[in-house]
Amino acid sequence: TTTSVQQALAGHIPEGGEVTVRGWVRTRRDSKAGLSFVNVSDGSCFSPIQVVAPSALANYESEIKRLTAGCSVIATGTLVKSQGQGQSYEIQAESIEVVGWVEDPETYPIQPKAHSLEFLREVAHLRPRTNLFGAVTRIRHCLAQAAHRYFHENGYFWINTPIVTTSDAEGAGQMFRISTLDLANLPMREGKVDFSRDFFGKEAFLTVSGQLNVEAFCLAMSKVYTFGPTFRAENSHTTRHLAEFWMIEPEIAFADLAENARISEEFLKYLFRAVLDERADDMAFIAERVQKDAVTRLEGFINAPFERIEYTEAVSLLQKSGHTFEFPVEWGLDLQTEHERWLTEQHVGRPVVVTNYPEHIKAFYMRLNDDGRTVAAMDVLAPGIGEIIGGAQREERLDVLDARMDQFGLDREHYGWYRDFRRYGTVPHAGFGLGFERLIVYVCGLSNIRDAIPYPRAPGQAEY
Ligand code: 4AD
Ligand code: MG
(Lines give C-alpha, C1' and ligand atoms only; values in the text may rest on other atoms or scores of the structure.)
(Ligands and ions follow the chains in the order given, each with its own letter.)
Protein backbone atom coordinates (compact mmCIF):
# COMPACT_ATOMS: atom_id res chain seq x y z
CA THR A 1 0.00 0.00 0.00
CA THR A 2 1.11 3.51 -0.79
CA THR A 3 0.71 5.56 2.33
CA SER A 4 1.57 8.89 3.83
CA VAL A 5 4.40 9.05 6.35
CA GLN A 6 1.82 10.16 8.91
CA GLN A 7 -0.27 7.03 8.38
CA ALA A 8 2.77 4.77 8.50
CA LEU A 9 4.06 6.31 11.74
CA ALA A 10 0.63 6.36 13.36
CA GLY A 11 0.32 2.60 12.97
CA HIS A 12 -2.47 2.64 10.38
CA ILE A 13 -0.59 -0.12 8.57
CA PRO A 14 -0.20 -3.53 10.23
CA GLU A 15 3.28 -4.17 11.56
CA GLY A 16 5.20 -6.43 9.20
CA GLY A 17 3.06 -5.28 6.26
CA GLU A 18 4.48 -3.92 3.05
CA VAL A 19 4.36 -0.14 2.56
CA THR A 20 5.42 2.41 0.01
CA VAL A 21 6.15 6.01 0.99
CA ARG A 22 6.99 8.86 -1.35
CA GLY A 23 8.74 12.03 -0.35
CA TRP A 24 11.95 14.00 -0.01
CA VAL A 25 15.16 13.00 1.72
CA ARG A 26 15.97 14.96 4.85
CA THR A 27 19.19 13.21 5.85
CA ARG A 28 21.24 10.14 5.03
CA ARG A 29 23.57 8.39 7.41
CA ASP A 30 25.73 5.38 6.51
CA SER A 31 26.60 2.85 9.21
CA LYS A 32 29.76 0.80 9.34
CA ALA A 33 27.63 -2.33 9.19
CA GLY A 34 26.90 -1.63 5.52
CA LEU A 35 23.50 -0.02 5.92
CA SER A 36 22.22 3.46 5.25
CA PHE A 37 19.51 5.29 7.18
CA VAL A 38 17.53 7.62 4.95
CA ASN A 39 15.04 9.96 6.60
CA VAL A 40 12.15 10.70 4.27
CA SER A 41 9.54 13.44 4.80
CA ASP A 42 6.37 13.98 2.81
CA GLY A 43 5.06 16.87 4.91
CA SER A 44 2.08 14.89 6.20
CA CYS A 45 3.30 15.15 9.81
CA PHE A 46 6.21 16.64 11.69
CA SER A 47 8.40 13.57 11.76
CA PRO A 48 10.14 12.04 8.75
CA ILE A 49 10.19 8.25 8.57
CA GLN A 50 13.43 6.34 8.76
CA VAL A 51 14.04 4.08 5.80
CA VAL A 52 16.73 1.49 6.44
CA ALA A 53 18.56 0.67 3.20
CA PRO A 54 20.63 -2.52 3.21
CA SER A 55 23.71 -2.70 1.00
CA ALA A 56 22.04 -5.60 -0.83
CA LEU A 57 19.82 -3.13 -2.71
CA ALA A 58 20.73 -3.21 -6.40
CA ASN A 59 21.29 0.56 -6.53
CA TYR A 60 22.94 0.82 -3.10
CA GLU A 61 26.44 1.88 -4.25
CA SER A 62 25.35 3.62 -7.44
CA GLU A 63 22.48 5.70 -6.01
CA ILE A 64 21.57 5.26 -2.33
CA LYS A 65 25.02 6.34 -1.17
CA ARG A 66 24.71 9.48 -3.29
CA LEU A 67 21.38 10.61 -1.81
CA THR A 68 21.46 14.10 -0.33
CA ALA A 69 18.93 16.38 1.33
CA GLY A 70 16.12 17.31 -1.06
CA CYS A 71 16.26 14.26 -3.38
CA SER A 72 12.85 12.75 -4.06
CA VAL A 73 12.38 9.02 -3.58
CA ILE A 74 9.83 6.21 -3.55
CA ALA A 75 10.67 3.66 -0.88
CA THR A 76 9.01 0.27 -0.54
CA GLY A 77 9.62 -2.20 2.24
CA THR A 78 8.39 -3.76 5.45
CA LEU A 79 7.03 -1.62 8.25
CA VAL A 80 8.70 -2.61 11.54
CA LYS A 81 8.81 -1.26 15.09
CA SER A 82 11.74 1.11 15.37
CA GLN A 83 14.56 0.57 17.87
CA GLY A 84 15.48 4.24 17.58
CA GLN A 85 14.36 6.75 20.16
CA GLY A 86 11.30 8.85 19.41
CA GLN A 87 10.37 6.80 16.33
CA SER A 88 7.40 4.47 16.35
CA TYR A 89 8.04 2.65 13.09
CA GLU A 90 10.63 2.46 10.36
CA ILE A 91 10.80 0.86 6.95
CA GLN A 92 13.18 -1.98 6.08
CA ALA A 93 13.59 -1.11 2.43
CA GLU A 94 13.27 -3.61 -0.36
CA SER A 95 13.62 -0.93 -2.99
CA ILE A 96 14.31 2.79 -3.12
CA GLU A 97 13.67 4.47 -6.41
CA VAL A 98 15.27 7.88 -6.89
CA VAL A 99 12.74 10.10 -8.67
CA GLY A 100 14.62 13.40 -8.71
CA TRP A 101 18.19 14.30 -7.85
CA VAL A 102 19.38 17.55 -6.32
CA GLU A 103 21.45 19.14 -9.05
CA ASP A 104 24.18 20.61 -6.94
CA PRO A 105 23.99 19.36 -3.32
CA GLU A 106 26.63 21.83 -2.13
CA THR A 107 24.54 24.84 -3.09
CA TYR A 108 21.08 23.39 -2.29
CA PRO A 109 19.71 26.13 0.00
CA ILE A 110 17.97 23.86 2.54
CA GLN A 111 20.78 22.01 4.25
CA PRO A 112 20.12 19.81 7.28
CA LYS A 113 21.03 22.55 9.78
CA ALA A 114 19.34 25.57 11.35
CA HIS A 115 18.90 28.44 8.87
CA SER A 116 18.17 32.04 9.81
CA LEU A 117 14.60 33.16 9.21
CA GLU A 118 15.90 36.12 7.19
CA PHE A 119 17.68 33.75 4.85
CA LEU A 120 14.62 31.51 4.53
CA ARG A 121 12.45 34.49 3.56
CA GLU A 122 14.72 34.91 0.53
CA VAL A 123 14.00 31.34 -0.55
CA ALA A 124 10.31 31.34 0.33
CA HIS A 125 9.63 28.74 -2.35
CA LEU A 126 11.91 26.22 -0.62
CA ARG A 127 11.19 27.00 3.02
CA PRO A 128 8.19 24.63 3.24
CA ARG A 129 10.88 21.91 3.31
CA THR A 130 12.20 23.03 6.69
CA ASN A 131 10.96 21.73 10.02
CA LEU A 132 9.70 25.14 11.10
CA PHE A 133 7.74 25.99 7.97
CA GLY A 134 6.32 22.50 7.76
CA ALA A 135 5.05 22.93 11.32
CA VAL A 136 3.71 26.46 10.74
CA THR A 137 1.98 25.35 7.54
CA ARG A 138 0.21 22.46 9.25
CA ILE A 139 -0.77 24.67 12.21
CA ARG A 140 -2.13 27.30 9.81
CA HIS A 141 -4.23 24.66 8.08
CA CYS A 142 -5.47 23.33 11.43
CA LEU A 143 -6.51 26.83 12.55
CA ALA A 144 -8.36 27.50 9.30
CA GLN A 145 -10.23 24.21 9.48
CA ALA A 146 -11.07 24.77 13.15
CA ALA A 147 -12.38 28.28 12.39
CA HIS A 148 -14.75 26.98 9.73
CA ARG A 149 -15.79 24.14 12.06
CA TYR A 150 -16.51 26.52 14.95
CA PHE A 151 -18.77 28.65 12.78
CA HIS A 152 -20.48 25.69 11.18
CA GLU A 153 -21.19 24.12 14.58
CA ASN A 154 -22.59 27.40 15.85
CA GLY A 155 -24.94 28.11 12.95
CA TYR A 156 -22.94 30.72 10.99
CA PHE A 157 -22.89 30.94 7.20
CA TRP A 158 -19.65 31.61 5.32
CA ILE A 159 -20.08 34.56 2.99
CA ASN A 160 -17.50 35.18 0.26
CA THR A 161 -17.14 38.94 0.10
CA PRO A 162 -15.52 40.74 -2.84
CA ILE A 163 -11.82 41.50 -3.20
CA VAL A 164 -12.49 44.37 -5.58
CA THR A 165 -14.50 47.19 -4.05
CA THR A 166 -15.17 50.90 -4.20
CA SER A 167 -15.60 51.47 -0.47
CA ASP A 168 -12.93 52.11 2.11
CA ALA A 169 -14.45 49.93 4.85
CA GLU A 170 -12.18 51.22 7.59
CA GLY A 171 -12.22 54.81 6.41
CA ALA A 172 -8.47 54.87 6.82
CA GLY A 173 -7.55 55.61 3.21
CA GLN A 174 -4.84 52.97 2.99
CA MET A 175 -5.96 51.10 -0.09
CA PHE A 176 -4.36 49.71 -3.24
CA ARG A 177 -5.97 50.94 -6.43
CA ILE A 178 -6.75 48.60 -9.32
CA SER A 179 -5.23 49.31 -12.70
CA THR A 180 -5.96 47.67 -16.00
CA LEU A 181 -2.85 47.27 -18.06
CA ASP A 182 -3.77 47.21 -21.70
CA LEU A 183 -0.37 48.44 -22.76
CA ALA A 184 -1.44 48.97 -26.35
CA ASN A 185 -4.31 51.16 -25.28
CA LEU A 186 -3.36 53.05 -22.13
CA PRO A 187 -5.96 55.48 -20.80
CA MET A 188 -4.58 58.95 -21.44
CA ARG A 189 -5.57 62.25 -19.94
CA GLU A 190 -3.78 65.48 -20.74
CA GLY A 191 -0.84 63.58 -22.21
CA LYS A 192 -0.39 61.37 -19.17
CA VAL A 193 -1.44 57.81 -18.35
CA ASP A 194 -4.59 58.01 -16.25
CA PHE A 195 -5.05 55.06 -13.93
CA SER A 196 -7.52 56.81 -11.66
CA ARG A 197 -10.69 55.27 -13.09
CA ASP A 198 -9.61 51.94 -14.25
CA PHE A 199 -11.99 49.22 -13.26
CA PHE A 200 -13.97 49.30 -16.50
CA GLY A 201 -14.14 53.05 -16.24
CA LYS A 202 -14.67 53.17 -12.47
CA GLU A 203 -12.29 53.72 -9.63
CA ALA A 204 -11.81 50.51 -7.64
CA PHE A 205 -9.60 49.18 -4.88
CA LEU A 206 -8.50 46.00 -3.17
CA THR A 207 -10.63 45.43 -0.08
CA VAL A 208 -9.33 46.31 3.39
CA SER A 209 -12.11 44.33 5.10
CA GLY A 210 -15.19 42.35 4.12
CA GLN A 211 -17.15 43.76 7.03
CA LEU A 212 -19.51 46.17 5.31
CA ASN A 213 -20.42 43.53 2.74
CA VAL A 214 -20.93 40.84 5.34
CA GLU A 215 -23.18 43.14 7.40
CA ALA A 216 -25.69 42.98 4.56
CA PHE A 217 -25.86 39.20 4.91
CA CYS A 218 -25.92 39.40 8.69
CA LEU A 219 -29.10 41.46 8.45
CA ALA A 220 -30.80 38.57 6.65
CA MET A 221 -29.00 35.39 7.71
CA SER A 222 -28.39 36.39 11.37
CA LYS A 223 -24.97 34.76 11.89
CA VAL A 224 -22.35 35.01 9.15
CA TYR A 225 -18.60 35.35 8.62
CA THR A 226 -16.04 36.12 5.94
CA PHE A 227 -12.64 34.50 5.72
CA GLY A 228 -10.45 35.79 2.95
CA PRO A 229 -7.55 37.95 1.89
CA THR A 230 -7.52 41.67 2.70
CA PHE A 231 -5.09 44.39 1.69
CA ARG A 232 -3.66 47.45 3.42
CA ALA A 233 -1.40 49.96 1.78
CA GLU A 234 0.14 51.09 5.06
CA ASN A 235 3.84 51.43 4.42
CA SER A 236 4.85 49.96 7.74
CA HIS A 237 8.03 47.98 8.12
CA THR A 238 6.99 46.26 11.32
CA THR A 239 6.99 42.64 12.39
CA ARG A 240 3.16 42.76 12.78
CA HIS A 241 1.96 44.21 9.47
CA LEU A 242 1.53 42.71 6.03
CA ALA A 243 0.25 44.41 2.89
CA GLU A 244 -1.79 41.27 2.16
CA PHE A 245 -3.22 39.29 5.07
CA TRP A 246 -6.16 37.01 5.77
CA MET A 247 -8.94 38.03 8.06
CA ILE A 248 -11.77 36.13 9.74
CA GLU A 249 -14.78 38.41 10.32
CA PRO A 250 -17.91 37.10 12.02
CA GLU A 251 -20.98 39.34 12.20
CA ILE A 252 -23.89 38.60 14.54
CA ALA A 253 -27.40 40.09 14.44
CA PHE A 254 -29.01 41.17 17.73
CA ALA A 255 -25.61 41.01 19.50
CA ASP A 256 -24.22 43.81 21.63
CA LEU A 257 -20.61 44.52 22.60
CA ALA A 258 -20.61 42.18 25.62
CA GLU A 259 -21.88 39.32 23.47
CA ASN A 260 -19.29 40.17 20.81
CA ALA A 261 -16.51 39.97 23.40
CA ARG A 262 -17.87 36.69 24.75
CA ILE A 263 -17.91 35.15 21.27
CA SER A 264 -14.39 36.34 20.47
CA GLU A 265 -13.11 34.67 23.65
CA GLU A 266 -14.99 31.42 23.01
CA PHE A 267 -13.78 31.38 19.39
CA LEU A 268 -10.10 31.93 20.27
CA LYS A 269 -10.21 29.24 22.94
CA TYR A 270 -11.80 26.83 20.46
CA LEU A 271 -8.93 27.50 18.05
CA PHE A 272 -6.24 27.04 20.73
CA ARG A 273 -7.85 23.76 21.81
CA ALA A 274 -7.87 22.49 18.21
CA VAL A 275 -4.15 23.19 17.77
CA LEU A 276 -3.26 21.46 21.04
CA ASP A 277 -5.43 18.44 20.18
CA GLU A 278 -4.56 18.08 16.52
CA ARG A 279 -1.02 19.38 16.15
CA ALA A 280 0.75 18.09 19.24
CA ASP A 281 3.71 17.00 17.10
CA ASP A 282 4.24 20.47 15.62
CA MET A 283 3.60 22.25 18.93
CA ALA A 284 6.25 20.05 20.61
CA PHE A 285 8.74 21.27 18.03
CA ILE A 286 7.62 24.89 18.48
CA ALA A 287 8.13 24.47 22.23
CA GLU A 288 11.59 23.03 21.64
CA ARG A 289 12.83 25.56 19.10
CA VAL A 290 10.74 28.71 19.15
CA GLN A 291 8.94 29.28 22.39
CA LYS A 292 9.60 27.12 25.43
CA ASP A 293 6.18 27.49 27.04
CA ALA A 294 4.17 27.36 23.78
CA VAL A 295 1.93 24.54 24.98
CA THR A 296 1.44 25.46 28.65
CA ARG A 297 0.80 29.06 27.67
CA LEU A 298 -2.09 28.10 25.37
CA GLU A 299 -3.48 25.76 28.02
CA GLY A 300 -3.35 28.62 30.51
CA PHE A 301 -5.26 30.93 28.14
CA ILE A 302 -7.91 28.27 27.57
CA ASN A 303 -8.43 27.74 31.28
CA ALA A 304 -8.59 31.35 32.50
CA PRO A 305 -11.13 34.00 31.53
CA PHE A 306 -9.81 36.84 29.37
CA GLU A 307 -9.52 40.11 31.28
CA ARG A 308 -11.85 42.98 30.36
CA ILE A 309 -10.72 46.59 30.71
CA GLU A 310 -12.34 49.79 29.48
CA TYR A 311 -10.11 52.09 27.44
CA THR A 312 -10.40 54.85 30.04
CA GLU A 313 -9.23 52.51 32.76
CA ALA A 314 -6.43 51.18 30.53
CA VAL A 315 -5.11 54.72 30.05
CA SER A 316 -5.01 55.38 33.76
CA LEU A 317 -3.32 52.01 34.41
CA LEU A 318 -0.67 52.87 31.83
CA GLN A 319 -0.17 56.32 33.31
CA LYS A 320 0.23 54.88 36.80
CA SER A 321 2.47 52.03 35.65
CA GLY A 322 5.72 53.91 36.27
CA HIS A 323 6.91 52.47 32.95
CA THR A 324 8.58 54.79 30.42
CA PHE A 325 6.88 54.46 27.06
CA GLU A 326 8.16 55.78 23.75
CA PHE A 327 4.71 57.09 22.76
CA PRO A 328 2.57 59.34 24.97
CA VAL A 329 -0.32 57.92 26.97
CA GLU A 330 -3.23 60.31 27.19
CA TRP A 331 -7.01 59.94 27.03
CA GLY A 332 -7.97 60.41 23.37
CA LEU A 333 -4.80 58.96 21.84
CA ASP A 334 -4.80 55.50 20.32
CA LEU A 335 -2.96 52.73 22.16
CA GLN A 336 0.36 51.79 20.58
CA THR A 337 1.76 48.27 20.48
CA GLU A 338 4.03 48.97 23.47
CA HIS A 339 0.99 50.04 25.51
CA GLU A 340 -1.03 47.03 24.39
CA ARG A 341 1.81 44.71 25.27
CA TRP A 342 2.29 46.25 28.70
CA LEU A 343 -1.40 45.78 29.45
CA THR A 344 -1.57 42.18 28.33
CA GLU A 345 1.93 41.04 29.39
CA GLN A 346 2.84 43.07 32.47
CA HIS A 347 -0.54 43.94 33.86
CA VAL A 348 -2.59 40.75 33.46
CA GLY A 349 -0.38 38.09 31.85
CA ARG A 350 -3.14 36.78 29.59
CA PRO A 351 -5.38 38.06 26.79
CA VAL A 352 -7.29 41.28 27.47
CA VAL A 353 -10.39 42.74 25.83
CA VAL A 354 -10.18 46.54 25.83
CA THR A 355 -13.54 48.24 25.21
CA ASN A 356 -15.14 51.66 24.68
CA TYR A 357 -12.46 53.66 22.86
CA PRO A 358 -12.73 57.41 22.16
CA GLU A 359 -15.05 57.91 19.20
CA HIS A 360 -12.66 59.99 17.08
CA ILE A 361 -9.88 57.34 16.88
CA LYS A 362 -12.16 54.50 15.72
CA ALA A 363 -14.08 53.76 12.49
CA PHE A 364 -17.29 55.57 11.48
CA TYR A 365 -19.49 52.46 11.75
CA MET A 366 -18.91 51.87 15.46
CA ARG A 367 -21.86 52.49 17.77
CA LEU A 368 -21.73 55.75 19.70
CA ASN A 369 -22.08 55.20 23.45
CA ASP A 370 -24.46 57.25 25.60
CA ASP A 371 -21.54 59.34 26.94
CA GLY A 372 -21.15 60.74 23.40
CA ARG A 373 -17.35 60.50 23.76
CA THR A 374 -16.74 56.79 23.25
CA VAL A 375 -17.82 54.04 20.88
CA ALA A 376 -18.69 50.39 21.54
CA ALA A 377 -15.37 49.16 20.14
CA MET A 378 -13.27 46.28 21.35
CA ASP A 379 -9.73 45.12 20.72
CA VAL A 380 -8.47 41.77 21.92
CA LEU A 381 -4.82 42.03 22.95
CA ALA A 382 -2.57 39.01 23.34
CA PRO A 383 0.77 38.64 25.11
CA GLY A 384 3.74 38.77 22.77
CA ILE A 385 1.97 40.63 19.99
CA GLY A 386 -0.71 43.09 21.12
CA GLU A 387 -3.88 43.52 19.04
CA ILE A 388 -5.06 40.35 17.30
CA ILE A 389 -8.76 41.19 17.08
CA GLY A 390 -10.54 44.46 16.36
CA GLY A 391 -14.31 44.68 16.51
CA ALA A 392 -17.36 46.66 17.56
CA GLN A 393 -21.07 46.88 18.01
CA ARG A 394 -22.25 48.64 14.85
CA GLU A 395 -24.18 51.90 14.69
CA GLU A 396 -27.69 50.75 13.81
CA ARG A 397 -29.38 54.18 14.18
CA LEU A 398 -29.52 55.95 10.82
CA ASP A 399 -29.42 59.49 12.19
CA VAL A 400 -26.38 58.77 14.35
CA LEU A 401 -24.63 56.93 11.50
CA ASP A 402 -25.25 59.87 9.18
CA ALA A 403 -23.79 62.29 11.69
CA ARG A 404 -20.73 60.06 12.10
CA MET A 405 -20.27 59.85 8.33
CA ASP A 406 -20.45 63.63 8.06
CA GLN A 407 -17.89 63.93 10.83
CA PHE A 408 -15.51 61.59 8.94
CA GLY A 409 -16.16 63.37 5.64
CA LEU A 410 -17.74 60.29 4.03
CA ASP A 411 -20.15 60.64 1.15
CA ARG A 412 -23.68 59.50 2.11
CA GLU A 413 -24.56 58.70 -1.45
CA HIS A 414 -21.51 56.51 -1.90
CA TYR A 415 -22.47 54.55 1.20
CA GLY A 416 -26.16 54.58 0.29
CA TRP A 417 -26.32 50.79 0.18
CA TYR A 418 -24.81 50.60 3.66
CA ARG A 419 -27.31 53.15 4.97
CA ASP A 420 -30.14 50.99 3.57
CA PHE A 421 -29.67 48.39 6.34
CA ARG A 422 -30.56 51.14 8.82
CA ARG A 423 -33.56 52.16 6.75
CA TYR A 424 -35.09 48.73 6.29
CA GLY A 425 -35.49 46.68 9.45
CA THR A 426 -32.44 47.81 11.35
CA VAL A 427 -31.29 45.77 14.35
CA PRO A 428 -28.42 46.00 16.79
CA HIS A 429 -25.53 43.89 15.54
CA ALA A 430 -21.85 43.37 16.23
CA GLY A 431 -18.81 41.62 14.85
CA PHE A 432 -15.05 41.48 14.86
CA GLY A 433 -12.03 40.77 12.69
CA LEU A 434 -9.30 38.32 13.64
CA GLY A 435 -6.04 38.82 11.77
CA PHE A 436 -5.25 35.26 10.73
CA GLU A 437 -1.46 35.74 10.53
CA ARG A 438 -1.42 37.56 13.88
CA LEU A 439 -3.16 34.52 15.34
CA ILE A 440 -0.49 32.24 13.86
CA VAL A 441 2.32 34.48 15.13
CA TYR A 442 0.74 34.23 18.54
CA VAL A 443 0.13 30.47 18.57
CA CYS A 444 3.60 29.69 17.21
CA GLY A 445 5.47 32.37 19.16
CA LEU A 446 6.96 33.71 15.91
CA SER A 447 8.80 37.00 16.02
CA ASN A 448 7.89 38.14 12.50
CA ILE A 449 4.49 37.99 10.78
CA ARG A 450 6.26 37.38 7.46
CA ASP A 451 6.91 33.84 8.66
CA ALA A 452 3.20 33.16 9.27
CA ILE A 453 2.08 33.34 5.61
CA PRO A 454 3.30 31.26 2.66
CA TYR A 455 4.28 34.23 0.50
CA PRO A 456 4.62 37.48 2.48
CA ARG A 457 3.59 40.73 0.79
CA ALA A 458 5.11 43.75 2.47
CA PRO A 459 7.07 46.85 1.46
CA GLY A 460 10.01 45.56 -0.56
CA GLN A 461 8.65 42.01 -0.68
CA ALA A 462 6.44 40.88 -3.54
CA GLU A 463 8.53 38.15 -5.23
CA TYR A 464 7.01 35.09 -6.89
O1 4AD B 1 -8.77 46.35 13.51
P2 4AD B 1 -9.01 46.12 12.05
O3 4AD B 1 -8.55 47.15 11.10
O4 4AD B 1 -10.58 45.87 11.94
C5 4AD B 1 -11.30 45.68 10.80
O6 4AD B 1 -10.85 45.59 9.70
C7 4AD B 1 -12.76 45.46 11.06
N8 4AD B 1 -13.48 45.70 9.80
C9 4AD B 1 -12.97 44.08 11.61
C10 4AD B 1 -14.42 43.81 11.91
O11 4AD B 1 -14.93 44.35 12.87
N12 4AD B 1 -15.07 42.99 11.14
O13 4AD B 1 -8.37 44.74 11.63
C14 4AD B 1 -8.74 43.56 12.28
C15 4AD B 1 -7.52 42.71 12.59
C16 4AD B 1 -6.53 43.37 13.51
O17 4AD B 1 -6.89 43.20 14.86
C18 4AD B 1 -5.26 42.61 13.17
O19 4AD B 1 -5.22 41.36 13.83
C20 4AD B 1 -5.41 42.36 11.69
O21 4AD B 1 -6.79 42.46 11.39
N22 4AD B 1 -4.66 43.32 10.88
C23 4AD B 1 -3.52 43.04 10.24
N24 4AD B 1 -2.80 41.90 10.17
C25 4AD B 1 -1.68 41.92 9.42
N26 4AD B 1 -1.24 43.01 8.73
C27 4AD B 1 -1.94 44.16 8.77
N28 4AD B 1 -1.51 45.22 8.07
C29 4AD B 1 -3.14 44.21 9.56
N30 4AD B 1 -4.06 45.18 9.80
C31 4AD B 1 -4.99 44.60 10.61
MG1 MG C 1 -7.72 47.59 14.77
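Residues numbered from 1 in each chain as written. Chains lettered and ligands numbered in written order. Predicted model: local features only at pLDDT ≥ 70, side-chain atom pairs only at ≥ 80, totals over all residues. Heavy atoms only, no water.

Once that is clear, we can look at helix α4 (residues 211–221). Of the positions making up α4, those classed as buried are Q211, L212, N213, V214, E215 and C218. The elements touched by buried residues of α4 are β11 (223–231), β12 (244–253), α11 (416–423) and β17 (429–435). Of the residues trailing α4, S222 is marked for its positive phi of about 75°. (Buried < 20%, exposed > 50% of the residue type's maximum accessible area, 1.4 Å probe, protein only. Helix = DSSP H or I, 4+ residues; strand = E, 2+ residues; numbered from the N terminus. Contact = heavy atoms within 4.5 Å.)

A few words on the UniProt feature "domain: Aminoacyl-transfer RNA synthetases class-II family profile" (unreviewed entry) in the protein chain. Within the UniProt annotation, "domain: Aminoacyl-transfer RNA synthetases class-II family profile" (unreviewed entry) is assigned to residues 138–454. The span residues 138–454 carries 37% helix and 20% strand; its end-to-end C-alpha distance comes to 11 Å. (UniProt positions renumbered as here; feature names shortened; annotations may be inferred.)

Strand order across the open sheet formed by eight strands is β6-β11-β12-β17-β16-β15-β14-β13, with mixed pairing between neighbours. Looking along the sheet, the strands with just one partner apiece sit at the ends: β6 (157–158) and β13 (307–310). Examined bridge by bridge, strand β16 (residues 386–393) and β17 share five bridges and lie antiparallel to one another. When the sheet's bridge partners are listed, Q393 is paired in β17 with A430. Along the sheet face, helix α9 (residues 337–348) touches β13, β14 (352–358), β15 (374–382) and β16 and points at about 60° away from the line of β15. (Pairing = 2+ DSSP bridges. Axes fitted to C-alpha atoms, helices over the stretch in contact; angles between N-to-C directions.)

A separate point is the packing of aromatic side chains. Inspection of the entire model under this criterion finds 23 aromatic pairs. Centre to centre, the rings of F272 and Y442 are 5.7 Å apart; their planes meet at 55°, and the pair counts as tilted. Highlighted residues: F272 in helix α5 (residues 257–278) and Y442 in helix α12 (residues 436–444), separated in sequence by 170 residues. Judged by its relative accessible area of 2%, Y442 falls in the buried class. Ring centres of Y311 and Y357 lie 5.3 Å apart, and the angle between their planes is 40°; this geometry places the pair in the tilted category. Placement of Y311 in helix α8 (residues 311–319) and of Y357 in strand β14 is noted, with a sequence separation of 46 residues between them. (Phe/Tyr/Trp six-rings, centres within 6.5 Å; stacked < 30°, edge-to-face > 60°.)

Although it is not a glycine, F254 sits at a positive phi angle of roughly 65°. With respect to the helices, strands and loops of the structure, F254 is situated in the loop between β12 and α5.

Attention shifts here to the layout of surface pockets. Taken as a whole, the largest pocket holds about 1100 Å³ of empty space. Taken together, 46 residues line the largest pocket, and the ones lying closest to its centre are E170, R232, E234, K362 and E387. Top element by residues in the lining of the largest pocket is β16. It accounts for five residues. In terms of residue class, the lining of the largest pocket is made up of 19 nonpolar, 14 polar and 13 charged. Taken as a whole, the second largest pocket spans an internal volume of roughly 810 Å³. (1 Å grid on protein atoms, 1.4 Å probe; cavity = no way out; pocket = protein on both sides within 12 Å on 5 of 7 lines; lining within 4 Å. Points joined across faces, edges and corners; volume = space filled by probe spheres on them. Nonpolar A, V, L, I, M, F, W, Y, C, P; charged D, E, K, R; others polar.)

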